[in-house]
Amino acid sequence: MEDIADNITQVRRKIATAAARRGEEPGNITVVGVSKNVPVKRMNAAIRAGITDIGENRVQEALKKYFDVEPVSWHFIGHLQRNKVKDVLTRFDLIHSLDRISLAKEIQKRAARLEMVVPCLVQVNVAGEESKFGISPAELKVFLQQIVSFPNIKVCGLMTIAPYCTDAEKVRPIFRRLREMFEDEDYPAGVSMQFLSMGMSGDFEVAVEEGANMVRIGTAIFGRRADSDK
Ligand SMILES: *Cc1c(COP(=O)(O)O)cnc(C)c1O
């Protein structure tokens, strides 16, 4: 498991370099270790090597591993089905993938019953890819205006998944666009733009250069996944 500690050191070094290019403190950047298809043992090795935040994209897989994983913050980063909301609310600390009103309604209903306020990032489909979930940039403000009427949901940032590209430079404009939306001050009261979740193993340095303060990293920490599920 030494590979994991080494990988984390490498990732942190690259983040520090990218952050410095932007004049930013690397300590302000949260590394979410994405552990889909990763066994508990390796997750715990990462946590022992300093990972404080874990990201999962499938509720069922997360639930199976949940109680065997050492204390850590859990991030839900995948497409969230309404029938899984209840399980997510009681276990995850941050949802990165709020992407439609029907989901917000379900979160609101469940959260009110549990008497909790749920921190969420709004997923934005910056590139407008057909295959990806997320609010289009043009619809973001109207979406946020609707969301602030849900008292048990707290929007605290934005998330995007950039198109897959072997040359990370190509997705720089995507990250820049999301950061511009993040920095826009013209959002309804109640929205607090705190987290900008963008960047994965192939493109996190560019994302950090463009202002990400939360990166979601699987492969570069845990190695190549057995199946091809992105
Ligand atoms: C799998 C996944 C990641 C991490 O991908 P890697 O390329 O392995 O770093 C990040 N974000 C989301 C939403 C994912 O599903």
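Below is a short write-up of the structure. Please read these numbers as outputs of a predicted model, since none were measured by experiment. Residue numbering note: each chain is counted from 1, following its sequence as written. In view of the model being predicted, local features appear only for residues whose pLDDT reaches at least 70, and side-chain atom pairs are presented and counted only at 80 or more, with totals across whole chains, interfaces and linings using the full set of residues. Each side-chain value is derived from all of the structure's non-hydrogen atoms; neither hydrogens nor water enter the calculation.

1. Digging into the packing of aromatic side chains
Think of a pair of aromatic rings as described by two things: how far the centres are apart, and how the planes are tilted against each other in angle. A pair of Phe, Tyr and Trp rings is counted when the ring centres sit within 6.5 Å of each other, with Trp represented by its six-membered ring. The angle between the planes then sorts it: under 30 degrees is stacked, over 60 is edge-to-face, the rest tilted. The full count for this structure, using the stated rule, is four aromatic pairs. Measuring from centroid to centroid gives 5.1 Å for Tyr 66 and Phe 67, while their planes differ by 85°, and the two rings are edge-to-face. Buried, partly exposed and exposed residues are distinguished by accessible area as a fraction of the type maximum, computed with a 1.4 Å probe on protein chains only: under 20%, between the cut-offs, and over 50%, respectively. A relative accessible area of 19% means that Tyr 66 is categorised as buried. Each ring, one from Trp 74 and one from Phe 92, has its centre 5.8 Å from the other, and the planes form 85°; the classification is edge-to-face. Highlighted residues: Trp 74 in strand β3 (residues 73–76) and Phe 92 in the loop between α4 (85–91) and β4 (94–98), separated in sequence by 18 residues. Across the pair, exposure class does not vary: Trp 74 and Phe 92 are buried alike. A positively charged side chain is recorded as over a ring if its NZ (Lys) or CZ (Arg) lies within 6 Å of the ring centre. The angle to the ring normal must also be within 35 degrees. The ring of Tyr 66 is capped by Arg 91, whose NZ or CZ atom sits 5.7 Å from the centre of that ring. A run of H or I in DSSP counts as a helix once it spans at least four residues, and a run of E counts as a strand once it spans at least two, with each numbered from the N terminus.

2. Some words on the site of the ligand
Here, proximity means that at least one heavy atom of the residue falls within 4 Å of the molecule or strand. Near the ligand, the surroundings consist of 13 residues, among which Lys 36, Ser 201, Gly 218, Thr 219 and Arg 225 are the closest. Here a polar contact is recorded for every N or O atom pair within 3.5 Å, except that within protein the pair must consist of a potential hydrogen donor and a potential acceptor, and residues adjacent in sequence are included only if both atoms are side-chain atoms. For the ligand, an oxygen atom lies 2.8 Å from a polar atom in the backbone of Gly 218. Thr 219 has a polar side-chain atom sitting 2.5 Å from an oxygen atom of the ligand. Each accessible area is a Shrake-Rupley result for a 1.4 Å probe, and residues are judged covered by the shown protein chains and nothing else. If the ligand stood free it would expose 390 Å²; the protein chains cover 96% of that surface. Looking at the shell around the ligand residue by residue, the classes come out as five nonpolar, four polar and four charged. When residues are sorted by character, Ala, Val, Leu, Ile, Met, Phe, Trp, Tyr, Cys and Pro go into the nonpolar class, Asp, Glu, Lys and Arg into the charged class, and all the rest, Gly among them, into the polar class.

3. Overview of the pattern of salt bridges
Think of a salt bridge as a Lys or Arg side-chain nitrogen and an Asp or Glu carboxyl oxygen that are within 4 Å of each other. Within this structure, the stated rule accounts for 20 salt bridges. Residue Glu 70 pairs with Arg 48 through a salt bridge whose shortest N-O separation is 3.3 Å. Of the two residues, Glu 70 is situated in the loop between α3 (59–66) and β3 and Arg 48 in helix α2 (residues 40–48); the sequence distance between them amounts to 22 residues. Measuring nitrogen to oxygen at the nearest pair gives 2.8 Å for the salt bridge that ties Arg 172 to Glu 169. Among the charged side chains, a salt-bridge network with shared partners connects Arg 21, Glu 169, Arg 172, Arg 176, Arg 179, Glu 183, Glu 209 and Glu 210.

4. Considering the environment of Pro 26
Mapping Pro 26 onto the fold places it in the loop between α1 (2–22) and β1 (30–34). By definition in these notes, contact holds between two residues if any of their heavy atoms fall within 4.5 Å. Among all residues touching Pro 26, those that are not within four sequence positions of it are Ala 16 and Ala 19.

5. Topic: the side chain of Arg 179
Mapped onto the secondary structure, Arg 179 falls in helix α7 (residues 172–183). Given the relative accessible area of 15%, Arg 179 is considered buried. A polar contact is formed between the side chain of Arg 179 and the backbone oxygen of Glu 210, at a distance of 2.8 Å. If sequence neighbours within four positions are ignored, Arg 179 has contacts with Arg 22, Leu 196, Met 198, Glu 210 and Gly 211.

6. Here we look at the packing of α1 against α2
For any two helices packed against each other, the geometry is given by the interaxial angle and the distance between the axes. Lines are fitted to the C-alpha atoms to define the axes, a helix being fitted only along its stretch in contact, and any angle between axes, read from their N-to-C directions, falls within 0 to 180 degrees. Relative orientation of the contacting elements α1 and α2 amounts to 45°, with a least axis distance of 9 Å. The angle between the axes of α1 and α2 places the two elements in the oblique class. Classified by chirality, the crossing of α2 by α1 is right-handed. Residue-level contacts link Asp 3, Ile 4 and Ile 8 of α1 to Arg 42, Ala 45 and Ala 46 of α2. Split by residue class, the contact of α1 with α2 holds four nonpolar, no polar and two charged. Each angle receives one of four descriptions, namely roughly parallel if under 35 degrees, roughly antiparallel if over 145, roughly perpendicular if within 65 to 115, and oblique otherwise. Note on convention: the crossing is left-handed when the near helix lies turned anticlockwise from the far helix by less than a right angle, right-handed when the turn is clockwise.

7. Section: the environment of Leu 114
Relative to the helices and strands, Leu 114 resides in the loop between α5 (101–113) and β5 (118–123). Overall, Leu 114 belongs to the partly exposed group, its relative accessible area being 39%. Note: C-alpha distance between Leu 114 and Thr 90 (24 residues apart in sequence) is 8.6 Å.

8. A look at the side chain of Ser 197
Position of Ser 197 among the secondary structure elements: in strand β7 (residues 195–197). A polar side-chain atom of Ser 197 sits 2.9 Å from a polar atom in the side chain of Arg 216. For Ser 197, the residues in contact, after removing those within four places along its chain, are His 96, Leu 121, Leu 158, Met 159, Thr 160, Met 214 and Arg 216.

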